[in-house]
Amino acid sequence: MERRYNLRPRKWQNLYLHNVVDRQKHIESQRLLGYFLSNPSLDKDRLKNERQNTHKSKCKMKKMAYLYLAIAILAEVTATSALKASNEFTKVFPVLIIIIGYGLAFYFMTLVLRTLPIGTTYAIWSSMGIVLVTIVGAILYKQVPDTPAIIGMGLIIIGVAIINIFSKTITN
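This is a predicted model, so every value here is computed, not measured.

(A) Broad picture of the nonpolar core. If you look at the biggest cluster of nonpolar residues, it comprises 13 residues, and the most contacted ones within it are Leu69, Ile73, Ile124 and Trp125. Where this core is concerned, the elements lending two or more residues are helix H3 (44-85), helix H4 (92-112) and helix H5 (118-140). With 5 residues, H3 is the largest single contributor of residues to this core.

Shown next, in the form of structure tokens:
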């Protein structure tokens, strides 16, 4: 019987770093630590600059996530609005809009989920989708919402605003 040896370095076994991202982060932190320890000439200002650059990249990632979320919302609203125009999937052009729109919406939503938590992302996506589809329905299909519907949508928007302003999960 052939004996197999575990070829992973011992540090992976000890740290229980199971996914590739954790391993890459660990390797990068060890590389930076070794770099700073081997160069005593580095001072606190250099470390501060490194932290600021990391903060800038996180802010840029967050801005891109919100841009991707806006694209996902617009694609989903377009696809949802085309549902009525498809006449129960009997017209080809609206069906193509539906397929492409939902495909783009889910693709960009997955890009957003790299940065933002899923609960917050879905809250923004669904609330903005409700409001925008209602506006499109009122303009294109003359389906004007009544006062309770408008009040309900206002409460949804207020709820999402509270999540974005006060929730600590959005800062992760």
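(B) Examining the side chain of Ser86 more closely. Here Ser86 shows up in the loop between H3 and H4. Residue class for Ser86 comes out buried when judged on its relative accessible area of 1%. Excluding residues that lie within four positions of it along the chain, Ser86 makes contacts with Lys91, Pro94, Val95 and Ile98.

(C) Local environment of the packing of H5 against helix H6 (residues 147-166). Relative to each other, H5 and H6 sit at 150 degrees, their axes nearing to 10 Å. As summarised for this structure, H5 and H6 are arranged roughly antiparallel, according to the angle between their axes. The interaxial crossing formed by H5 with H6 has left-handed handedness. Together, Thr120, Ala123, Ile124, Ser127, Ile130, Val131 and Thr134 of H5 and Met153, Ile156, Ile157, Val160, Ile163 and Asn164 of H6 make up the contact between the two elements.

(D) Looking closely at a nonpolar patch on the surface. A surface patch of nonpolar side chains, amounting to about 660 Å² of accessible area, comprises Ile151, Leu155, Ile158, Ile162, Ile165 and Phe166. Take Phe166: it is sitting in helix H6. Residue class for Phe166 comes out exposed when judged on its relative accessible area of 62%.

(E) Focus on the packing of H4 against H5. At their nearest, the axes of H4 and H5 sit 10 Å apart, and the two run at 145 degrees to each other. In the packing of H4 onto H5, the handedness of the crossing is right-handed. Side by side, H4 and H5 meet where Ala105, Phe106, Met109 and Val112 of the first sit next to Thr121, Tyr122 and Trp125 of the second. For the contact of H4 with H5, a count of residues per class yields 6 nonpolar, 1 polar and no charged.

(F) How the structure looks around the environment of Met64. The residue Met64 is located in helix H3 in this model. Linking Met64 and Val112, residues 48 residues apart in sequence, is a C-alpha distance of 8.1 Å.

(G) Quick look at the environment of Ala79. Looking at the secondary structure, you find Ala79 in helix H3. The exposure class of Ala79 is buried, given its relative accessible area of 0%. Distance in space between the C-alpha atoms of Ala79 and Ala105 is 8.8 Å, their sequence separation being 26 residues.

(H) The confidence of the model for the protein chain, seen in detail. Scored by pLDDT, the protein chain has a mean of 81; 66% of the residues are at 70 or more. Mean pLDDT values over the elements of the protein chain span from 49, in helix H1 (residues 10-15), up to 96, in H4.

(I) Structural view of the environment of Thr169. Following the sequence through the fold, Thr169 ends up in the segment after H6. Judged by relative accessible area, which is 38%, Thr169 ranks as partly exposed. Considered as a pair, Thr169 and Ile118 are 51 residues apart in the sequence and their alpha carbons are 10.0 Å apart. Setting aside chain neighbours within four positions, we find Thr169 in contact with Pro117 and Thr120.

(J) Representation of the packing of aromatic side chains in the model. A complete count under the given rule lists 4 aromatic pairs for this structure. An angle of 40 degrees between the planes, with centres 5.7 Å apart, marks the rings of Tyr68 and Phe108 as tilted. Of the two residues, Tyr68 is situated in helix H3 and Phe108 in helix H4; the sequence distance between them amounts to 40 residues. The exposure class of Tyr68 is partly exposed, given its relative accessible area of 24%.

Thresholds, definitions, all that
Residues numbered from 1 in each chain as written. Predicted model: local features only at pLDDT ≥ 70, side-chain atom pairs only at ≥ 80, totals over all residues. Heavy atoms only, no water. Core = buried A, V, L, I, M, F, W, Y, C linked by side-chain atoms within 4.5 Å. Buried < 20%, exposed > 50% of the residue type's maximum accessible area, 1.4 Å probe, protein only. Helix = DSSP H or I, 4+ residues; strand = E, 2+ residues; numbered from the N terminus. Contact = heavy atoms within 4.5 Å. Axes fitted to C-alpha atoms, helices over the stretch in contact; angles between N-to-C directions. Parallel < 35°, antiparallel > 145°, perpendicular 65-115°, else oblique. Left-handed = near helix turned anticlockwise from the far one by under 90°. Patch = residues over 30% accessible without salt bridge, like charges linked within 9 Å, V, L, I, M, F, W, Y side chains within 5 Å. Areas by Shrake-Rupley, 256 points an atom, 1.4 Å probe, with all protein chains shown as cover. Salt bridge = Lys/Arg side-chain N within 4 Å of Asp/Glu carboxyl O. Nonpolar A, V, L, I, M, F, W, Y, C, P; charged D, E, K, R; others polar. pLDDT = per-residue confidence, 0-100. Phe/Tyr/Trp six-rings, centres within 6.5 Å; stacked < 30°, edge-to-face > 60°.

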